[in-house]
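# Structural description and commentary
For reference, the chains in residue letters:
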Amino acid sequence: LFVVREHFASRPVLPLSMMAMPVRAASYATQFIAGAAQMVAIIYLTYYMQNHLGYSPFKSGVVFLPMVLALIATAIPAGRIIVPRLGARGTLPLGLAVLTGSFLIFSRMTTESTYEHVALPGLIVFGMGLGLTMPVTFNSGTRGVDAKRTGLASAILSAAQQIGGSFGVALMTSYATQHAQDYVNDHAAQVRAEAMEAMMRAQALPQSPAGKQIIETLKAQLVDRAQIEAYSGGFSMMAWILAGATALLVACGIGLHLYRRRD
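Residues numbered from 1 in each chain as written. Predicted model: local features only at pLDDT ≥ 70, side-chain atom pairs only at ≥ 80, totals over all residues. Heavy atoms only, no water.

### Focus on the overall build of the chain
To be explicit about the condition: Under the scheme used here, helices are H or I runs from DSSP no shorter than 4 residues and strands are E runs no shorter than 2 residues, and both carry numbers assigned from the N terminus. For the radius of gyration, the atoms used are the C-alpha atoms, and the globule rule reads 2.2 Å times the number of residues raised to 0.38. The contact criterion used throughout is that any non-hydrogen atoms of two residues lie within 4.5 Å. Surface accessibility follows the Shrake-Rupley procedure with a 1.4 Å probe radius. Residue values consider only the protein chains on display as shielding.
Scanning the chain for helices and strands turns up 7 helices and 0 strands. Taken over the C-alpha trace, the chain has a radius of gyration of 23 Å; the compact-globule value for 263 residues is 18 Å, which it surpasses by more than 25%. Projecting the C-alpha coordinates of the chain onto the three principal axes gives extents of approximately 80 × 40 × 35 Å. Considering only residue pairs separated by 6 or more positions, the chain has 77% of its internal contacts joining residues 24 or more positions apart. A total accessible area of about 14,500 Å² is found for the chain, and carbon and sulfur atoms account for 65% of it.

### A look at the nonpolar core
For clarity, the cut-off: We call a set of buried residues a nonpolar core when its members are Ala, Val, Leu, Ile, Met, Phe, Trp, Tyr or Cys and they connect through side-chain atoms within 4.5 Å of each other. Relative accessibility decides the category of a residue: with a 1.4 Å probe and only protein chains considered, values under 20% of the type maximum give buried, values over 50% give exposed, and everything between is partly exposed.
Ranked by size, the top nonpolar core spans 50 residues in total, and within it Leu45, Met49, Phe103 and Phe126 carry the most contacts. Of all elements in the fold, only helix H2 (22–52), helix H4 (65–106), helix H5 (115–142), helix H6 (150–202) and helix H7 (209–262) reach the threshold of two or more residues within this core. Considering each element in turn, this core owes the most residues, 13 residues, to H7. Setting aside residues no more than four positions away along its own chain, Phe103 makes contact with Ala37, Val40, Ala41, Phe126, Phe235, Met238, Ala239 and Leu242. Among the nonpolar cores identified, the runner-up in size contains 7 residues, and Leu14, Met18, Ala153 and Ile156 belong to it.

### Some points on the side chain of Gln31
Applicable threshold: For the purposes of these results, a polar contact is taken to be a pair of N or O atoms within 3.5 Å, where, inside protein, one atom must be able to donate a hydrogen and its partner to accept one; residues adjacent in sequence count only when each atom of the pair is a side-chain atom.
Summarising the element assignment, Gln31 is placed in helix H2. According to the relative accessible area criterion, Gln31 is buried, its value standing at 2%. One polar contact links Gln31 to Thr137, side chain to side chain, over a distance of 3.1 Å. For Gln31, the residues in contact, after removing those within four places along its chain, are Thr137, Phe138, Leu157, Ala160 and Gln161.

### Quick look at the packing of aromatic side chains
We apply this condition: The aromatic pairing rule takes the rings of Phe, Tyr and Trp, using the six-membered ring of Trp, and pairs them if the centres are within 6.5 Å, calling planes under 30 degrees apart stacked, those over 60 edge-to-face and the rest tilted. Put simply, a charge is over a ring when the Lys NZ or the Arg CZ is close to the ring centre, within 6 Å, and near the line of the ring normal, within 35 degrees.
For the coordinates displayed, the defined rule picks out 8 aromatic pairs. Centroid distance Phe103 to Phe126: 5.8 Å. Interplanar angle 75°. Geometry classified as edge-to-face. You can see Phe103 sitting in helix H4 and its partner Phe126 sitting in helix H5, a full 23 residues away along the chain. Owing to a relative accessible area of 0%, Phe103 belongs among the buried residues under this scheme. One aromatic cluster is present, formed by Tyr44, Phe103, Phe106, Phe126, Tyr231 and Phe235 through successive ring pairs. Taking NZ or CZ as reference, Lys59 lies 4.2 Å from the ring centre of Tyr55, over its face.

Below is the structure:
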């Protein structure tokens, strides 16, 4: 409805001509996908670090710093070396491909994995992907725009990032909730059997303090495994979404190149 209204409006809030330039439209789409990936990674990893690893909120924030350092270290040489050679048409899918790799690393998360084994390398690669995409999207998304519309172009990029983040959180939270519930339902009988066996070995009744402790411990372990499985599956899903977006950008870039060459 918004697009239809803007099409017929005499003074549209968002002129659809802003999307006419292919590289600009690709920048907006990339910003949407990158925003979704960024929020998914931050929220899932925060839950993982605080609920599973037992990190405090302060420590959870500190351990994200390698991502920021990787972003800065990548953005500077990317603007000087990669973008002049590949252009936005090549750098944007390259950045999404690197982000895909980071989510593949995150998807290896298990109850036995540690921050150094999965989260740290994933965050470094993730920062590199953001370092490739973010500067290019803002540069390409405002290129060729009239001076009086520069603020509008920047606003579209910011809105695309925020809406993408909301979309990613909604999608992955729904997935994680359902996946964790399914995991608990599928493994409930196994946990009950393990609890009975543990209480028999300890010669404890279910209502005794020792029995209650055994039950609560196994329950907590089941919930923890369910959450980790949900996070891992969510990371895998996001990797597929990013891979699809990368392939689509490459296909559009090749198609546009062939069309212009033939024309």
